[in-house]
Amino acid sequence: MSKLQNLKPNGFSLPVTLSLILTLAVILSVAVFYSRQSYESVRAATKREQDRQQLLGALRVVEYSMRANPEKWNLANHAHSFRIGETNFKVGVQASAGLIDLNAAMLGSLQDMLIVAGADIQKASDYANRIIDWRDPDKVKTNGYSENSDYENLGIPLPRNGSFKKTEELALVLGFGPVTAKCLQPLITVDSSLAEIVSTLAPPPLRSNGRDTSNTPITPSIGSAVEITISDVSKAKPTTLVAVVRMTDDPRNPQITHELIWKPAVARNIAPDCFP
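Presented here is an overview of the structure given in this document.

So, how was this worked out
Residues numbered from 1 in each chain as written. Predicted model: local features only at pLDDT ≥ 70, side-chain atom pairs only at ≥ 80, totals over all residues. Heavy atoms only, no water. Disulfide = S-S within 2.5 Å. Helix = DSSP H or I, 4+ residues; strand = E, 2+ residues; numbered from the N terminus. Axes fitted to C-alpha atoms, helices over the stretch in contact; angles between N-to-C directions. Parallel < 35°, antiparallel > 145°, perpendicular 65-115°, else oblique. Left-handed = near helix turned anticlockwise from the far one by under 90°. Contact = heavy atoms within 4.5 Å. Nonpolar A, V, L, I, M, F, W, Y, C, P; charged D, E, K, R; others polar. Pairing = 2+ DSSP bridges.

**Observations concerning the state of the cysteines**
In step 1: Per the counting criterion, the structure on display carries one disulfide.
In step 2: The partner cysteine of C183 in its disulfide is C274, sulfur to sulfur 2.1 Å. A torsion of -85° about the S-S bond marks the disulfide between C183 and C274 as left-handed. Of this pair, C183 sits in helix α6 (residues 177–183) while C274 sits in the segment after β7 (255–261); the two residues are 91 residues apart in sequence, bridging distant segments of the chain.

Below is the structure:
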């Protein structure tokens, strides 16, 4: 047996000692790695919360300005900007009156919207009737389209036979699914309660489908809902908040933010291609 193998510091053989040292080194490295990961996670979470509070502060400024100086907010002009200290904010406004309301739009308006989004005439008719069947209170098929029995046969959730609560629920209507519903988001709302869109407030793809708007206010008014998109463009990767705000006549609560969405801004300048 070699001298190296017979060497026993403090009662342990040298190989055992080296193995213990190596194990401790690995444990220490793992501990340092996870400690660093934990630190980075905490720092990232803190940064996200700071961004969130900054955007919420900017939203409060926009809400106050809309209430105090509505004439400065031309809703037909969808792009605005302002500055707080050293921070530049880009503000997009989209009046719900310029979008297709899933709960109130008539068959023709729904068909036109689907055609704008790339559906052919037959598919636009089929899918528009399915939307109406999903939201209407009865269980009678509209022109022979989809109702409870059709959903039951496919093993998918039944129609609500009531109002859409949010636009994402369009994915629950037979034939749409999450991909098509997401694609249609730039054109739809559940906040206007109008059977027809107001053309002057509509995004470019929908402007030819609305009604005469010569007497329609183009600034925030009582009862109107506005989707506000705020982006901090001072950052290399802008953070974005989307809020839907409804104007009310309650002096104690003149505006109600009923939806906050942390997501990229919706592009509305060009028609989406949802039915390739």
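**Quick look at the packing of helix α3 (residues 107–116) against helix α4 (residues 121–135)**
In step 1: It is the contact of α3 with α4, at a shortest axis distance of 8 Å, that shows an interaxial angle of 130°. It follows that α3 is oblique to α4 by the angle criterion. Pair α3 / α4 crosses with right-handed handedness. Taken together, the residues of α4 that come into contact with α3 (itself represented by L107, L110, Q111, L114 and I115) are I121, A124, S125, Y127, A128, N129, I131, I132 and R135.
In step 2: The residue inventory of the contact of α3 with α4, partitioned by class, reads 10 nonpolar, three polar and one charged.

**Looking at the pairing of strand β1 (residues 79–84)**
In step 1: Note: β1 against strand β2 (residues 87–95), six bridges, orientation antiparallel. Counted as the bridge partner of H80 is V91 from β2.
In step 2: Once β1 ends, the chain turns through two residues before running back antiparallel as β2, passing G85 with a positive phi of about 65°.

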